[in-house]
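Working through the structure, step by step
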Amino acid sequence: MTKGYHEPVLAGEIIELLVRRPGLYIDGTLGGGGHSLAMLQELQRKGFDAGSLVIGIDQDACALSAAREKLAPFGENAVAVKGNFSQIAEIAGRVCGERGFDASAVGILLDLGVSSAQIDTPERGFSYMHHGPLDMRMDSGSPTSAADIVNAMSQRELASLFFRYGEEPRSSSIARDIVDYREKYGALSRTEELAGIIRQGQRRPDLAIKTLSRVFQALRIEVNRELDVLGEALDEGASLLCPEGRLAVISYHSLEDRMVKVFFADKSRSDWGPKSVGLREPLVKAGYRVVTRKAVSAGAQEVSMNPRSRSARLRVLEKLDEGVRCEPA
């Protein structure tokens with residue numbers, strides 16, 4: 001693995017559920033390239049590489065550099081593009097157009113959340129466990145950092161943010177403590193400042209870690225508009241699939257997983273009209289089916305080797321066959 005990037009989560013399950021024939025595959029959250037590497041190796045093993053293309057998308061320049069190095073041996077079968085996965089359709093259309101490749105996807109992967117490399121880099125400001133600037137931007141070129149949000153929002157706005165995106169029960173008191181700190185000492189700029197405020201206000205030290213995790217999660221989601229772009233990516237990803245193509249999503253907290261679960265349920269539901277009509281056939285048949293009845297979790301062995309996988313939940317949606325299969329260009 002490239003330094004700083006851990007083993008990809010649920011890689012075996014992703015290979016089994018996604019890589020089933022030649023064609024276009026999209027890794028919307030490329031990171032260090034671990035999942036894309038696994039897909040390319042599987043395509044090669046099955047003899048599908050001649051008719052396949054894997055497009056990796058990431059907004060983190062450091063991640064792109066690491067991934068390009070890792071995927072270089074696969075030549076024209078792999079391309080890494082800077083961008084946000086909410087732009088998945090535009091990016092796929094552009095890259096495939098340049099290469100004369102069918103832009104309908106056989107498999108799409110979204111591995112949500114922050115990478116281990118980002119968490120472990122103090123300068124990125126994602127973790128309360130490291131001293132660093134209060135940043136949290138996945139794209140370092142984005143205009144708004146976590147410090148900007150913490151210092152600009154009112155007490156009410158901060159409390160709402162921590163409760164909405166962190167599900168933090170002490171959101172109001174934490175917001176009040178932050179505003180009090182700002183009034184006494186000026187603007188916050190460091191992760192250790194925010195962590196110190198939260199720890200100081202926590203009556204039970206044993207609960208401080210969970211509170212810190214929830215508050216930092218809420219800020220990260222707000223900085224990167226994570227739930228907004230996830231909604232856009234789910235819509236675009238599902239529409240980009242060819243018949244029998246699959247969209248796989250790995251989530252790490254309840255807000256993401258709930259959003260994915262509801263989206264998949266809506267897409268796989270037929271419209272039967274009013275119950276009083278009593279139709280034998282639906283007015284509109286569902287265009288998709290949920291492949292995973294329950295979210296797939298990592299096994300004990302993977303969790304022991306990669307603790308990050310403990311909270312991972314994988315769900316897969318498949319576009320139903322309309323009689324026209326997408327074939328490699």
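In case you missed it, the structure is sitting above this.
Notes on the structure follow. (Residues numbered from 1 in each chain as written. Predicted model: local features only at pLDDT ≥ 70, side-chain atom pairs only at ≥ 80, totals over all residues. Heavy atoms only, no water.)

Quick look at the nonpolar core
If you look at the biggest cluster of nonpolar residues, it comprises 34 residues, and the most contacted ones within it are Met136, Leu161, Phe162, Ile178, Leu194 and Leu219. Going through the elements one at a time, helix H6 (146-152), helix H7 (155-166), helix H8 (171-185), helix H9 (191-201) and helix H10 (208-224) are the ones with two or more residues in this core. Among the elements that make up this core, the one with the highest residue count is H10 (seven residues). The contact partners of leucine 194, leaving out residues within four places of it in the chain, are Leu134, Ile178, Leu188, Val215, Phe216 and Leu219. (Core = buried A, V, L, I, M, F, W, Y, C linked by side-chain atoms within 4.5 Å. Buried < 20%, exposed > 50% of the residue type's maximum accessible area, 1.4 Å probe, protein only. Helix = DSSP H or I, 4+ residues; strand = E, 2+ residues; numbered from the N terminus. Contact = heavy atoms within 4.5 Å.)

Some remarks on the environment of leucine 240
The residue leucine 240 is located in helix H11 (residues 226-240) in this model. Since its relative accessible area comes to 13%, leucine 240 is described here as buried. Sequence separation between leucine 240 and isoleucine 108 is 132 residues, and the spatial gap between their C-alpha atoms is 8.9 Å.

Things to note about H11
The terminal C-alpha atoms of H11 lie 20 Å apart, and with 15 residues this matches the ideal 21 Å at 1.5 Å per residue to within 8%. Of all the residues in H11, the buried ones are Glu226, Leu227, Val229, Leu230, Gly231, Ala233, Leu234, Gly237, Ala238 and Leu240. (Expected span 1.5 Å × (residues − 1).)

Focus: the pairing of strand S3 (residues 78-82)
Taking burial as the measure, the five residues of S3 include four buried ones, the bulk of the element. The pairing of strand S2 (residues 53-58) with S3 spans five bridges and is parallel. In the sheet register, valine 54 faces S3, and the bridge partner there is alanine 78. Each parallel crossover has a hand, and for S2 linked through helix H3 (residues 61-71) to S3 it is right-handed. (Pairing = 2+ DSSP bridges. Right-handed = clockwise from strand over helix to strand, strands pointing away.)

Notes on the packing of H11 against helix H12 (residues 254-267)
At their nearest, the axes of H11 and H12 sit 11 Å apart, and the two run at 30 degrees to each other. On the basis of the axis angle, H11 is roughly parallel to H12. Read as a crossing pair, H11 and H12 show a hand that is right-handed. Facing Glu226, Leu227, Leu230, Gly231, Leu234, Asp235 and Ala238 of H11, the residues of H12 in contact are Leu255, Glu256, Met259, Val260, Phe263, Phe264 and Lys267. (Axes fitted to C-alpha atoms, helices over the stretch in contact; angles between N-to-C directions. Parallel < 35°, antiparallel > 145°, perpendicular 65-115°, else oblique. Left-handed = near helix turned anticlockwise from the far one by under 90°.)

Digging into the pattern of salt bridges
Under the definition given, this model contains 19 salt bridges. When the shortest N-O distance is used, the salt bridge between glutamate 167 and arginine 258 registers 3.5 Å. A residue pair is termed long-range when its members are at least 10 positions apart, and glutamate 167 in the loop between H7 and H8 and arginine 258 in helix H12 qualify at 91 residues. Judged by its relative accessible area of 43%, arginine 258 is partly exposed. With a closest N to O distance of 2.6 Å, glutamate 318 and arginine 246 form a salt bridge. Of this pair, glutamate 318 sits in strand S7 (residues 313-319) while arginine 246 sits in strand S5 (residues 241-251), and the two are 72 residues apart along the sequence. For the residue pair glutamate 318 and arginine 246, the accessibility class agrees, reading buried in each case. Ionic contacts of the salt-bridge type, sharing partners, join the residues Arg20, Arg246, Arg289 and Glu318 into one network. (Salt bridge = Lys/Arg side-chain N within 4 Å of Asp/Glu carboxyl O.)

Quick word on the environment of leucine 194
Along the chain, leucine 194 turns up in helix H9. Accessibility expressed as a relative area gives 0% for leucine 194, which makes it buried. Along the backbone, leucine 194 and valine 260 are 66 residues apart, and their C-alpha atoms lie at a distance of 31 Å.

As for the side chain of asparagine 224
Checked against the element boundaries, asparagine 224 lands in helix H10. For asparagine 224, a relative accessible area of 11% gives the class buried.

Overview of the environment of isoleucine 57
Mapping isoleucine 57 onto the fold places it in strand S2. Residue isoleucine 57 is classed as buried on the basis of its relative accessible area of 1%. The spatial distance from the C-alpha of isoleucine 57 to the C-alpha of serine 189 is 30 Å, given a sequence separation of 132 residues.

Comments concerning the sheet that holds S2
With mixed pairing, the seven strands of this open sheet are ordered in space as S3-S2-S1-S4-S5-S7-S6. Two strands lie at the open edges of the sheet, namely S3 and strand S6 (288-290), each paired on one side alone. Averaged over all adjacent pairs, the angle separating strand axes in this sheet is 15 degrees, with direction ignored. Strand contacts of helix H2 (residues 34-45): strand S1 (24-27), S2, S3, strand S4 (105-111) and S5, with the helix running at about 160 degrees to S1, the strand carrying the most contacts. Sheet strands touched by H12: S5, S6 and S7. Its angle to S7, the strand with the most contacts, is close to 20 degrees.

As for the packing of H10 against H11
Where H10 contacts H11, the two axes come as close as 6 Å, and the packing angle between them is 55 degrees. As summarised for this structure, H10 and H11 are arranged oblique, according to the angle between their axes. Taking contact as the criterion, the partners of Arg220, Ile221 and Asn224 in H10 are, on H11, Glu226, Leu227 and Val229. Split into classes, the residues belonging to the contact of H10 with H11 amount to three nonpolar, one polar and two charged. (Nonpolar A, V, L, I, M, F, W, Y, C, P; charged D, E, K, R; others polar.)

Observations regarding unusual backbone geometry
Positioned with a positive phi, glutamate 167 is a non-glycine residue whose angle comes to about 50 degrees. Positioned with a positive phi, glutamate 244 is a non-glycine residue whose angle comes to about 75 degrees. Within the secondary structure, glutamate 244 is located in strand S5.

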